[in-house]
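Structural overview
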Amino acid sequence: MQERDPLARAVRDLSTYPHGRGDDAALLTALCAHVSDVVDAASCGVALADEQHRLSAVFASNDAARSLVQLQVRAAQGPCVDAFDAGDVVMVEDLTQQAQRWPALTQC
């Protein structure tokens, strides 16, 4: 049966992944896709930190979001990097309006 509620669908789908033994990349990619659906966003991307507290691994709901998060990690700037550094959510309506704040992102 197909769930109509995106949150219920996400919980059902994500609960089927084998914990600790499965493909973590697939799980995190699926999580990003479900987050996009639940909050009705165009996409979702996540960067994870390594043992040295550097952002490295990137997962996303689609290729565009993955590219944007990878660019932020490489350039060491952007909302993802700021959120990691501050330990808080960073909301941005329009990246094109942030040229002074994150020049590497707005030059693309």
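Above this text is the structure in question.
Now for a look at the structure at hand. Numbers given to residues run from 1 along each chain, matching the order in which its sequence is written. For this predicted model, a pLDDT threshold of at least 70 governs which residues receive local features, and a threshold of 80 or more governs which side-chain atom pairs are given and counted, while totals over whole chains, interfaces and linings are taken from all residues. By convention in this description, side-chain values take in all heavy atoms of the structure and omit both hydrogens and water.

Here we look at the overall build of the protein chain
Starting at the N terminus, helices and strands are each numbered in turn, a helix being any DSSP run of H or I of at least four residues and a strand any DSSP run of E of at least two. Assigned secondary structure in the protein chain consists of five helices and two strands. Each helix (α) and strand (β) of the protein chain, taken in turn from the N terminus, gives the series α-α-β-β-α-α-α. The dimensions of the protein chain, computed from C-alpha atoms along their principal axes, are 50 × 30 × 25 Å. Counting the 108 residues in the protein chain, one finds 23% classified as buried. Contacts between residues were defined by any pair of non-hydrogen atoms, one from each residue, lying within 4.5 Å. In the protein chain, 33% of the contacts between residues at least 6 apart in sequence involve partners at least 24 apart. Total accessible area on the protein chain stands at roughly 7400 Å², and carbon and sulfur atoms take up 52% of it. We treat Lys and Arg as the positive residues and Asp and Glu as the negative residues; His and chain ends play no part in the count. Charged side chains are reduced to one point each, which is NZ for Lys, CZ for Arg, CG for Asp and CD for Glu. Computing the positive centroid from 8 side-chain charges and the negative centroid from 15, the protein chain places the two 5 Å apart. Exposure classes here rest on a 1.4 Å probe applied to the protein chains alone. A residue is buried below 20% of its type maximum, exposed above 50%, and partly exposed in between. Surface exposure here means Shrake-Rupley accessible area, sampled with a 1.4 Å probe, where a residue is shielded only by the protein chains that are shown.

Focus: unusual backbone geometry
The phi angle at D40 is positive, at roughly 55°, despite the residue not being glycine. Along the chain, the position of D40 falls in the loop between helix 2 (24-39) and strand 1 (45-49). When its relative accessible area of 72% is taken as the criterion, D40 is described as exposed. At A76, a residue that is not glycine, the phi angle is positive and equals roughly 55°.

Topic: the environment of T16
For T16, the position within the fold is in the loop between helix 1 (6-14) and helix 2. A relative accessible area of 57% places T16 in the exposed class. Separated by eleven residues in sequence, T16 and L27 place their C-alpha atoms 9.8 Å apart. Of the polar contacts made by the side chain of T16, one reaches the backbone oxygen of D13; its length is 2.6 Å. N or O atoms closer than or at 3.5 Å make up a polar contact, with two conditions inside protein: a donor-capable atom paired with an acceptor-capable one, and, for residues adjacent in sequence, both atoms drawn from side chains.

With respect to helix 4 (residues 79-86)
Turning to helix 4, its buried residues are P79, C80, V81 and A83. Elements in contact with the buried residues of helix 4: strand 1, strand 2 (55-60), helix 3 (63-75) and helix 5 (103-106). Among the residues trailing helix 4, G87 stands out with phi positive, at a value near 70°.

Details of the nonpolar core
Soluble globular proteins: nonpolar side chains tend toward being buried together. If you look at the biggest cluster of nonpolar residues, it comprises six residues: A47, L55, V58, V69, C80 and V81. Broken down by secondary-structure element, the contributors of at least two residues to this core are strand 2 and helix 4. If sequence neighbours within four positions are ignored, V69 has contacts with G45, V46, A47, V58 and C80. Grouping buried Ala, Val, Leu, Ile, Met, Phe, Trp, Tyr and Cys residues that are joined through side-chain atoms within 4.5 Å yields what is termed a nonpolar core.

As for the pairing of strand 2
When DSSP finds at least two bridges between two strands, those strands are taken to pair. Both strand 1 and strand 2 contribute to a ladder of five bridges, which runs antiparallel. Note on strand 2: the bridge partner recorded for G45 is A60. What sits between strand 1 and strand 2 in their antiparallel hairpin is a turn of five residues, with H53 showing a positive phi close to 65°.

Quick notes on a nonpolar patch on the surface
Where nonpolar side chains cluster on the molecular surface, the patch consists of L7, V11, L31, V35, V38 and V39 and spans about 470 Å² of accessible area. A total of four residues in the nonpolar patch trace back to one element, the largest contributor, which is helix 2. If you trace the backbone, V39 turns up in helix 2. On the basis of relative accessible area, V39 is assigned to the exposed category, the value being 55%. For patch detection, residues must exceed 30% relative accessible area and be free of salt bridges, and they are connected within 9 Å for like charges or within 5 Å for nonpolar side chains (Val, Leu, Ile, Met, Phe, Trp, Tyr). Only one rule defines a salt bridge in this text: a Lys or Arg side-chain nitrogen within 4 Å of an Asp or Glu carboxyl oxygen.

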